[in-house]
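Read off the chains here:
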Amino acid sequence: MEDRLAVLKKILHGILGIDNSQRRLCEQRLEELKKEPDALVLCLLKLLQSLPSPDHRKLSATLLKRYIGANSFDWIWHSLNTTTQKTLKEELLKLLAIEVDAKVARLICLVVAELAGSVKNCREEWSEFDPWVYKLVVEGSELQREMGYLVLNYVFGYMVEKYEGHSAELASLFAATLTKDTLPVRIECIYALCHLLSDISSEYTEAFMQLLPYVMGAIREVLKAKNEEKLTDLLKALNSIADGNAGYFAKDFKQFFQLLLEVAAETSSEAFDDKIPQLAVETAITVLENESSLLEQSPEAFLVPLLKAVMATMRSLPFELQAEWLKPQALFFFEEDEDCVAFGQKCFDRLLDCAKSQGLEFNWIEPTLMEYLANESDWRYKHAGLLIASNIGQLIDNPANLSNLVLIMISHMKHPHPRIRYAAAHCIGQIADDSDTEFPRMYADGIVDTLMSGLDDEVPRVQRHVCSALLNICLLYTSDAADDLLCVDLGGR
């Protein structure tokens, strides 16, 4: 055993080293040790228990996960004798109860959860597992309580159906933590809760509805502390419930909705990552999509504030004009919008679908849209407004109802800021693309003249978008009519 430990320790040291050839040699030697799987995993366990270096212990844990994990391509659990399997079960639980390095402990949690998955896949029993996890959560140190919930979080991914029949017991366990424990433990508890709720059958979610106010309280604490990483992870976790079990939020949705708007508003400054307000907005929309009954009584009470929040995310652009933006992409290369713009337009389409499901007309959009288009102090407002307006064509069956919007588009084609002119050209082109042949018949004179002037724009990227808008209009004509139109308007060009 000692000889094997010495060999394996040397291999771990080589894998962690900077010499690539030595690393490859050590990995080959490690592969050879798999011929004796029992000896290999027991040695890795011993090194995980005894090595002083956290890096070596983390590598030992990673390799153990690789060999005994349920989802591993290198799985050898089924090759181990029953004595080795029993030793691993017992010693890994003991080890997690004494590990003091948080990073090593998190890896051990993953190993334990993967081991639980392997046991399940082999239809074996691990009777000590659940009592041990519950005891760790209730009686352990702060780190141990965190790790207990982390293990549950991982394990729910393997065997959530096992826990569906224990909803009341789990809800009581979570409640005890969420009402009185430290914030780090509560956060790990929320991650586990969200994983559980995103996967269990909806009939089992009622027992956990009482916990949502405590979850919201923890999120406000994280928001107040400006902890971007934790806030992002919490919103992702809540979004997973919105995807899988949106009905969970129904009872306290008004309060939850206000929290999401609060998060979106308070994180919209440059001090925060753009993804945080986007996650808050997306979570609210996803709940409304998947639980449409929430919109039945007062749809505009949710849709209008969400529209404002969506358009606010579209303003997450640098105020100063970026030199690289002025030049278009190479010819025939699809020109992508910035992330925040693409996100906002996609969310607006989703809001439109929610409105259609309730039979709403588009008049709920107009106040916010006009407020943005009227803003003269920050170009990003008009920019967002025009891009949102570009999606309105699909809502209007009668082109005659587009007259006011057409005047707005034409006027903004002469705006001093190139990004506004670009957005106006985009708006014209998109509405033309969404319309029938009546649109150019009614508005061609004003629009085409304006676009022709745009061909002389001093910014190449604007010029290119003007060309795209003209193309979309021409496609609504017969080929002869399009030729006549361009011959008349191109004149001496």
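Above this text is the structure in question.
Residues numbered from 1 in each chain as written. Predicted model: local features only at pLDDT ≥ 70, side-chain atom pairs only at ≥ 80, totals over all residues. Heavy atoms only, no water.

Student: Talk me through the pattern of salt bridges; I want residue IDs and the actual numbers.
Tutor: A side chain of one charge can pair with a side chain of the opposite charge if their charged atoms are brought near each other. A complete count under the given rule lists 18 salt bridges for this structure. Between K86 and E90 there is a salt bridge, with the nearest N and O atoms lying 2.4 Å from each other. Placement of both K86 and E90 in helix 5 (residues 82–98) is noted, with a separation of four residues, approximately one turn of the helix. Given the relative accessible area of 32%, E90 is considered partly exposed. Here D181 and R145 are joined by a salt bridge, their closest N and O atoms 2.8 Å apart. Taken together, the residues span a long stretch of sequence, with D181 in the loop between helix 9 (167–180) and helix 10 (183–199) and R145 in helix 8 (residues 142–164) at a distance of 36 residues. Considered together, D181 and R145 belong to a single accessibility category, that of buried residues. Connected via shared salt-bridge partners are E282, E289 and R350. (Salt bridge = Lys/Arg side-chain N within 4 Å of Asp/Glu carboxyl O. Helix = DSSP H or I, 4+ residues; strand = E, 2+ residues; numbered from the N terminus. Buried < 20%, exposed > 50% of the residue type's maximum accessible area, 1.4 Å probe, protein only.)

Student: Residue-level account of the packing of aromatic side chains, with values.
Tutor: In this structure the tally under the stated criterion is twelve aromatic pairs. When the ring of Y149 is compared with that of F174, the centres are 5.8 Å apart and the planes differ by 35°; the resulting orientation is tilted. Taken as a pair, Y149 in helix 8 and F174 in helix 9 lie far apart in primary sequence, 25 residues in all. A connected cluster of aromatic rings, assembled from ring pairs, spans Y149, F174 and F208. (Phe/Tyr/Trp six-rings, centres within 6.5 Å; stacked < 30°, edge-to-face > 60°.)

Student: So what's going on with the layout of surface pockets? Residues and values would help.
Tutor: Volume-wise, the second largest pocket comes out at about 280 Å³. Taken together, 13 residues line the second largest pocket, and the ones lying closest to its centre are F362, E366, M370, N404 and L405. When residues of the lining of the second largest pocket are traced back to their parent elements, those giving at least two are helix 17 (366–373) and helix 19 (403–412). Its residues assigned to classes, the lining of the second largest pocket comprises ten nonpolar, two polar and one charged. (1 Å grid on protein atoms, 1.4 Å probe; cavity = no way out; pocket = protein on both sides within 12 Å on 5 of 7 lines; lining within 4 Å. Points joined across faces, edges and corners; volume = space filled by probe spheres on them. Nonpolar A, V, L, I, M, F, W, Y, C, P; charged D, E, K, R; others polar.)

Student: I'd like a rundown of the environment of L238, residues and numbers included.
Tutor: Within the element layout of this structure, L238 appears in helix 12 (residues 228–245). With a relative accessible area of 2%, L238 lands in the buried category. A sequence separation of 183 residues divides L238 from R421, and the C-alpha atoms of the two residues are 39 Å apart. Non-local contacts of L238, meaning those with residues more than four positions away in its chain, are made with C194, V215, I219, F249, F256 and T283. (Contact = heavy atoms within 4.5 Å.)

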